[in-house]
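In case you want the letters, here they are:
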Protein chains: 2
Amino acid sequence: MAKRDGGKRKRKAPESAPAPEPSLRDVLRIPEGERIDLTAYDARATPAGPTGKAAGLAATAALGPRLAELQERLYASSTGGDRRRLLLVLQGMDTSGKGGTVKHVIGLFNPSGCRIRAFKAPTQEERNHPFLWRIMRALPQPGEIGIFDRSHYEDVLIARVRDLVPRRQVGRRYGQINRFEKSLAEDGVTVVKVFLHLSYEEQRARLLERLDDPDKHWKFNEGDIGERALWPAYRQAYEIALERCTTDEAPWYLVPADRKWYRNWAVSRLLLEHLEALDPKYPPGDFDVAECRARLLAT
Amino acid sequence: MAKRDGGKRKRKAPESAPAPEPSLRDVLRIPEGERIDLTAYDARATPAGPTGKAAGLAATAALGPRLAELQERLYASSTGGDRRRLLLVLQGMDTSGKGGTVKHVIGLFNPSGCRIRAFKAPTQEERNHPFLWRIMRALPQPGEIGIFDRSHYEDVLIARVRDLVPRRQVGRRYGQINRFEKSLAEDGVTVVKVFLHLSYEEQRARLLERLDDPDKHWKFNEGDIGERALWPAYRQAYEIALERCTTDEAPWYLVPADRKWYRNWAVSRLLLEHLEALDPKYPPGDFDVAECRARLLAT
């Protein structure tokens, strides 16, 4: 991932070979087994792909039809017994663009195959259950694309920062999350966890924008300022979560999110790469085409 | 609504007045208290709006931003306590385009504010409950747009045609549905019921298309041919349902569906008219803007 220091250089491809399209998964993936220092990552970076807004918007729009077709194949495949599905987990500080990503990226898909859930503060009933209970109930079905706007990670983020549960309990949750996500993977769920990396300065600008436009006042909450005061504690909580919960089965991807057009392109592209890796196929029919044709033509 | 005989002629507007945009709701609304004969309605008609495919596609695309903005206002308004929401009910024969309408029309909205439910044959648990139980559980929340691909009307359609319950029980359901929808209206739900009117010939063509394209075999079911054999019984069941369940609180709209581009335009336009009638407003903030600004700038 593009750290401020430039990150690792890629090896040059042999001159005769066509330049391969770099895998964004490799570029954005949080390294396993390393200490994570979020201040080392530039939130305005464009570590791969388009480098300007116009090109970025065009590239994202161009991904739309490919995404929609792969989604249709995934859904079609499920009607033939394929249990695979995809779950996009969106996390990030307030105003990092979780909602905007759903609008612009998930808006490229057929809405009937998307199962979207925004997790708010848990209800009394949800608090009476283990923290993964409400998550389980919102999982995508085979063939669907699930989208979590916030997720079970809130239970190691705000729960840690605000001391909502004893620290020891938070400590146990990382392992519980990893085991849960491993089970999901075994059950055919491709979990794509995206951390929308926003800078402190950009958050201020976005909050001010909401304040300055009466049509955006409904998005503003006085509590947002209080949360912002806890920025360093949240950053640390994210660093720990990214560090402990990047696994082979469910790695974290860090998407620079200060530029909305780049965020949208990067998430679209990540989804495309995962769907292409799944390579779902239209299932064959279980009927005699010629006979059905003849019967139909007789009607 | 445009019947085959040409329907009622509109009165000419006085020459000096600009031609008012006709309300599609008035044009497509099933008349109350009349016998309905579906054979009198042309499924290829374009009773108002664009009359050609290119113009129709462009007109639908042009509605997108207006629909999305009204949806955002509706959602925003709910955060201020407004309980209003919209529920689109899609019914129609097999291949009439319920799924296509969700893809192309609901695809114009922000997916995070849409609550989509496709009703299949009821599960054992659903059958153990009153027929409206599963419907209640799928209703949109305040500020949302709900979409039913099939609905409680199946319980007076296939249930009637296939004698799934005693005829007397079917007979009671029309009144139950009307009372249920009246309660919804009282609770702030704008119910928009759309019957996608397909011709017998077009259904054959669409089923053949699915047979002739291996990538569409997953959409084909041998049982579809058997259902098609019951076309007259289904038509009659629809006529009864449209007749008995068109009420002031929740009227039925008949959308000619043989032309997909017209169907998409008409449903989009119907949704626009209903959302414009709701005229949702961004709610005012409950905070001191100047003070919040100052606090933010200090961070």
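The structure under discussion appears in the preceding block.
Definitions and cut-offs
- Residues numbered from 1 in each chain as written.
- Chains lettered and ligands numbered in written order.
- Predicted model: local features only at pLDDT ≥ 70, side-chain atom pairs only at ≥ 80, totals over all residues.
- Heavy atoms only, no water.
- Helix = DSSP H or I, 4+ residues; strand = E, 2+ residues; numbered from the N terminus.
- Polar contact = N/O pair within 3.5 Å; in protein donor to acceptor, adjacent residues only side chain to side chain.
- Contact = heavy atoms within 4.5 Å.
- Phe/Tyr/Trp six-rings, centres within 6.5 Å; stacked < 30°, edge-to-face > 60°.
- Buried < 20%, exposed > 50% of the residue type's maximum accessible area, 1.4 Å probe, protein only.
- Lys NZ or Arg CZ within 6 Å of the ring centre and 35° of its normal.

Some remarks on the side chain of T247 of chain A
Residues and elements named next belong to chain A.
So, step 1. Examined against the element boundaries, T247 turns out to sit in the loop between α10 (231-244) and β5 (252-256).
So, step 2. A polar atom in the side chain of T247 sits 3.0 Å from the backbone nitrogen of A250.
So, step 3. If near-sequence neighbours (up to four positions away) are discounted, T247 is found in contact with R29, E32 and N178.

A word on the packing of aromatic side chains
The geometry of two aromatic rings is summed up by the distance between their centres and the angle between their planes.
So, step 1. Enumeration over the complete set of coordinates arrives at 16 aromatic pairs over all chains.
So, step 2. Plain terms: the ring middles of Y75 of chain A and W218 of chain B are 5.9 Å apart, the flat faces sit at 70° to each other, and that makes the pair edge-to-face. With Y75 of chain A in helix α2 (residues 53-79) and W218 of chain B in the loop between α8 (200-212) and α9 (223-229), this pair bridges two chains.
So, step 3. Among the residues examined, W218 of chain B registers a relative accessible area of 18% and is labelled buried.
So, step 4. A ring pair is formed by Y262 of chain B and W265 of chain B, whose centres lie 5.7 Å apart and whose planes are at 45°; its orientation type is tilted. Remark: W265 of chain B and Y262 of chain B occur in helix α11 (residues 260-278); sequence separation between them is 3 residues, near one turn of the helix. Taken as a pair, Y262 of chain B and W265 of chain B share a single burial class, namely buried.
So, step 5. Cluster of aromatic residues (ring-pair linked, three or more members): W261, Y262 and W265 of chain A.
So, step 6. Looking at R173 of chain A, its charged tip hangs above the ring of F131 of chain A, at a distance of 4.6 Å from the centre.
So, step 7. Here the guanidinium or amino end of R244 of chain B rests over the ring plane of Y174 of chain B, the centre of that ring lying 4.8 Å away.

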